[in-house]
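Okay, here's what each chain looks like letter by letter:
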Amino acid sequence: MKCVDDFRLRLGKRELVPIMIGGMGVDISTAELALEAVRLGGVGHISDAMLPTVTDRRYKTKFVSEKQKQYKLNIMQPDKSIVQFDLAQVAEATRLHVRHTMEAKRGDGMIFINCMEKLTMNAPRETLRARMLAALDEGIDGITLAAGLHLGSFAMMQDHPRFRDAQLGIIVSSVRALQLFLRKNAKTDRLPDYIVVEGPLAGGHLGFGLDWAQYDLRTIVAEIQDYLKKEQLDIPVIPAGGIFTGSDAVSYLETGSAAVQVATRFTVADECGIPKKVQQEYFKASEQDIEVNMISPTGYPMRMIKGCPAIGSGIRPNCEAYGYLLDGNGGCAYIDAYNRVVAAHPDAKKYSVPDKTCLCTHMRNYDLWTCGHYTYRLKDTTHRNEDGTYQVLSAEHVFHDYQYSKDNKVALPPVK
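Positions within a chain are numbered from 1, following the residues in the order the chain's sequence is written. Totals for whole chains, interfaces and linings use every residue, but because this is a predicted model, local features are given only for residues with pLDDT of at least 70 and side-chain atom pairs only at 80 or more, for both listing and counting. Where side-chain values are given, they derive from all heavy atoms of the structure, hydrogens and water being excluded.

*Asks:* In this structure, what is going on with the packing of aromatic side chains? I would like to understand it.
*Replies:* Note on aromatic pairs: each is described by the distance of the centres and the angle between the planes. Geometry of aromatic contacts follows a simple scheme: Phe, Tyr and Trp rings, the Trp one being its six-membered ring, pair when their centres are within 6.5 Å, and the pair is stacked under 30 degrees between planes, edge-to-face over 60, tilted otherwise. Tallied over the entire structure, the rule returns 11 aromatic pairs. Relative to Tyr194, the ring of Phe112 lies with its centre 5.3 Å away and its plane at 20°, an arrangement referred to as stacked. Of this pair, Phe112 sits in strand 5 (residues 110–116) while Tyr194 sits in strand 8 (residues 194–198), placing them 82 residues apart in sequence. With respect to class, Phe112 is no different from Tyr194; both count as buried. Between Phe154 and Phe163, the aromatic rings sit 5.8 Å apart at their centres with planes inclined by 90°, giving edge-to-face as the arrangement. Secondary structure elements are defined from DSSP: runs of H or I of at least 4 residues count as helices, runs of E of at least 2 residues count as strands, and each element is numbered from the N terminus. To sort residues, take the accessible area from a 1.4 Å probe on protein chains only and compare it with the maximum for the residue type: under 20% means buried, over 50% means exposed, and anything in between is partly exposed.

So this is what it looks like as structure tokens:
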């Protein structure tokens, strides 16, 4: 019986352990987590979600307070169209985070950045371009294009000197999405270096409707592999979503996948950015505690722990400080939902907005507990302490369990 370590992922001239840790934001896939993946010979991601906020915390910049001060007179206005990001600051935030991460890199693995198209930031093309180019400037090993179809993203990078040097990949959830991407980007004469196929059991935003349960990752992966073979395209395929054990991973590697992308089990690692108190909520969650709902302003379904504080919260939109989901006209579905509730209850001192949530503020504060489908199994991967809490794991332990485990077993960590 084989284990993951019997296989290798080949990207360009590199040969890697075929384990990729997914890019979870906001700073959930921390630099520390990505660096562990690199040290162990795999691929780690950092996330580009809300990086001006992240660099304020990590590197003591003041991007958020400066933006809030600039637009403070607009705070009570429903129209947020004047609230714009400074593109130089957006780029600088990316540069800082990528530079510090790459300077700390040790080992034979690679560090990628997860770039989300749905972070529209009131200037979708300009802000995405600034983020991607800044990451290339600072030597990132690769960029994974996420949360959107990215039909024009390659074209935004094609004049950069590292466009054909860095690894560039795309996340898709259907063969049709891949076909659209390849067709729209054909003029750049540049194929993706890898394709992450994200299934319906993944965490956070999903590339499916509320009928997600009708879809199956193995079926989608097989369809994409068949399409690539038919088109004579040799592009590594990397399944993601619901791959909980090393044996799960091997079942994909044995059928032609180049690697697997995993994330849920790393949410309870020491190196993960989720606060320790919230990690205990992940451990405690039952299968019934996990839901897919439509409260994200992006319009995408989202999987989360249904007891998280963000659900039903009615906080005032804080777009002047954040505003990462403002569309090109300064609109956001949460602003609309919040204003409807305020208009219906003009004398209320506190509001509850049931149908949408302020994604920026709640993700920044770790009050929106997005998770993978199998989060309820995390408690079975560790020990329960005498006080009823669960022992947090090391990223190295989780990585090695994926790499070496067999027979659908999960190795428990040494008792602390």
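What follows picks up the thread again.
*Asks:* Any chance you could explain the pairing of strand 13 (residues 302–305) here in plain terms?
*Replies:* Where a strand is regular, its side chains alternate between the two sheet faces. Going residue by residue along strand 13, you find Met302 and Met304 tucked away on one face and Arg303 and Ile305 tucked away on the opposite face as well. With four bridges connecting them, strand 12 (residues 290–293) and strand 13 associate as antiparallel partners. By the bridge assignment, Asn293 is partnered in strand 13 with Met302. For two strands to count as paired, DSSP must find a minimum of two bridges between them.

*Asks:* Hey, could you run me through unusual backbone geometry in this one?
*Replies:* Keep in mind that most residues, glycine aside, have a negative phi and that most peptide bonds are trans. Residues Gly25 and Val26 are joined by a peptide bond in cis, for which omega reads 10°. Inspection of the secondary structure puts Val26 in the loop between strand 3 (19–21) and helix 1 (31–39). Located in the positive-phi region is Met121, a residue other than glycine, with phi close to 55°. Judged by relative accessible area, Met121 falls into the buried class, the value being 2%. Residues other than glycine seldom take positive phi values, yet Asp407 does so here, at roughly 60°. With a relative accessible area of 45%, Asp407 lands in the partly exposed category.

*Asks:* Just to check I follow, could you spell out helix 11 (residues 333–344) for this structure?
*Replies:* One full turn of an α-helix is made of 3.6 residues, so residues set three or four places apart face in the same direction. Taking 1.5 Å of rise per residue, the 12 residues of helix 11 would be expected to cover 16 Å, and the 17 Å separating its terminal C-alpha atoms lies within 8% of that figure. Every buried residue of helix 11 is accounted for by Tyr334, Ile335, Ala337, Tyr338 and Val341. Here the buried residues of helix 11 occupy an arc of 165° about the axis, which is enough to place them on one side. In helix 11, the exposed residues that point more than 90 degrees away from the buried face are Ala343 and Ala344. The span you would expect from a helix comes to 1.5 Å times its residue count less one. The arc refers to the directions leading from the helix axis to the C-beta atoms.

*Asks:* What am I meant to see in the packing of helix 2 (residues 51–59) against helix 3 (residues 63–70) here?
*Replies:* Angle between the axes and distance between the axes are the two parameters that describe a pair of packed helices. Note on definitions: angles span 0 to 180 degrees between N-to-C directions of axes, and those axes are lines fitted to C-alpha atoms, for helices only across the stretch in contact. The contact between helix 2 and helix 3 brings their axes to 7 Å, and the two run at 125°. Compared by their axis directions, helix 2 and helix 3 come out oblique. Residues Pro52, Thr53, Thr55 and Asp56 of helix 2 pack against Phe63, Val64 and Ser65 of helix 3. Under the convention adopted here, Pro, Cys and the residues Ala, Val, Leu, Ile, Met, Phe, Trp and Tyr are nonpolar, Asp, Glu, Lys and Arg are charged, and Gly plus all remaining residues are polar. Among the residues making up the contact of helix 2 with helix 3, the classes are represented as three nonpolar, three polar and one charged. Each angle receives one of four descriptions, namely roughly parallel if under 35 degrees, roughly antiparallel if over 145, roughly perpendicular if within 65 to 115, and oblique otherwise. A contact between two residues is defined here by any heavy atoms of the two lying within 4.5 Å.

*Asks:* What is the right way to read a positive patch on the surface from this model?
*Replies:* Together, Arg125, Arg129, Arg176, Arg183, Lys184 and Lys187 give the surface a local cluster of positive charge. In terms of residue count, the dominant contributor to the positive patch is helix 7 (residues 175–184) (three residues). Along the chain, Lys187 turns up in the loop between helix 7 and strand 8. Look at Lys187 and you get exposed, because its relative accessible area is 70%. Each patch groups residues whose relative accessible area exceeds 30% and which form no salt bridge, using 9 Å between like charges and 5 Å between nonpolar side chains of Val, Leu, Ile, Met, Phe, Trp and Tyr. Method for areas: the Shrake-Rupley scheme with a 1.4 Å probe, in which residue coverage is limited to the protein chains shown. By salt bridge we mean one thing: a side-chain nitrogen of Lys or Arg within 4 Å of a carboxyl oxygen of Asp or Glu. Within this scheme the basic residues Lys and Arg register as positive and the acidic residues Asp and Glu register as negative, but His and the chain ends are omitted. Taken as the charge location is NZ of Lys, CZ of Arg, CG of Asp or CD of Glu.

*Asks:* Any chance you could explain empty space enclosed by the protein here in plain terms?
*Replies:* Over the atoms, a rolled probe matching the size of one water molecule traces out where space is still vacant. Whether a set of points on the 1 Å grid over the protein atoms alone is a cavity depends on a 1.4 Å probe fitting there but being unable to get out, while an open set qualifies as a pocket with protein on both sides within 12 Å along at least five of seven lines; lining residues are those with an atom within 4 Å of a point. Grid points are joined across faces, edges and corners, and a volume is the space filled by probe spheres set on the points. Counted according to the given criterion, the structure contains three cavities of 30 Å³ or more. By volume, the largest cavity amounts to about 110 Å³. As for the largest cavity, its lining consists of 17 residues, of which Cys319, Cys332, Cys358, Leu359 and Cys360 are closest to the centre. Those elements giving two or more residues to the lining of the largest cavity turn out to be helix 11 and helix 12 (359–364). In this structure, the second largest cavity occupies an estimated 50 Å³ of space. Every residue lining the second largest cavity is listed: Ile28, Ile274, Val278, Tyr282, Met363, Tyr366, Leu368, Trp369 and Thr370. When the residues that make up the lining of the second largest cavity are grouped by side-chain class, the tally is eight nonpolar, one polar and no charged.

*Asks:* Would you mind going over the environment of Ile274 with me for this structure?
*Replies:* You can see Ile274 is positioned in the loop between strand 11 (260–262) and helix 10 (276–284). Under the relative-accessibility criterion, Ile274 is labelled buried at 4%. Sequence spacing of Ile274 and Gly25 is 249 residues, and the spatial spacing of their C-alpha atoms is 9.7 Å. Once residues within four sequence positions are removed from consideration, Ile274 is found in contact with Ile28, Thr267, Gln279 and Tyr282.

*Asks:* How should the layout of surface pockets be read in this particular structure?
*Replies:* What the second largest pocket holds in volume is close to 190 Å³. Forming the walls of the second largest pocket are 13 residues, and the residues nearest its centre are Leu201, Asp216, Leu217, Gly241 and Tyr252.

*Asks:* In this structure, what is going on with the environment of Val353? I would like to understand it.
*Replies:* Following the sequence through the fold, Val353 ends up in strand 15 (residues 352–353). Residues Val353 and Arg340 lie 13 residues apart in sequence; the distance between their C-alpha atoms is 9.0 Å. In this structure Val353 touches Gly312, Ser313, Gly314, Tyr334, Ala337, Tyr338 and Val341, once residues within four positions along its chain are discounted.

*Asks:* Explanation requested: helix 3 in the structure shown.
*Replies:* Among the residues of helix 3, Phe63, Val64 and Lys67 are the ones counted as buried. Taken end-on, helix 3 shows its buried residues confined to a sector of 95°, consistent with a single buried face. Where helix 3 is buried, its residues meet helix 2 and helix 4 (87–103).

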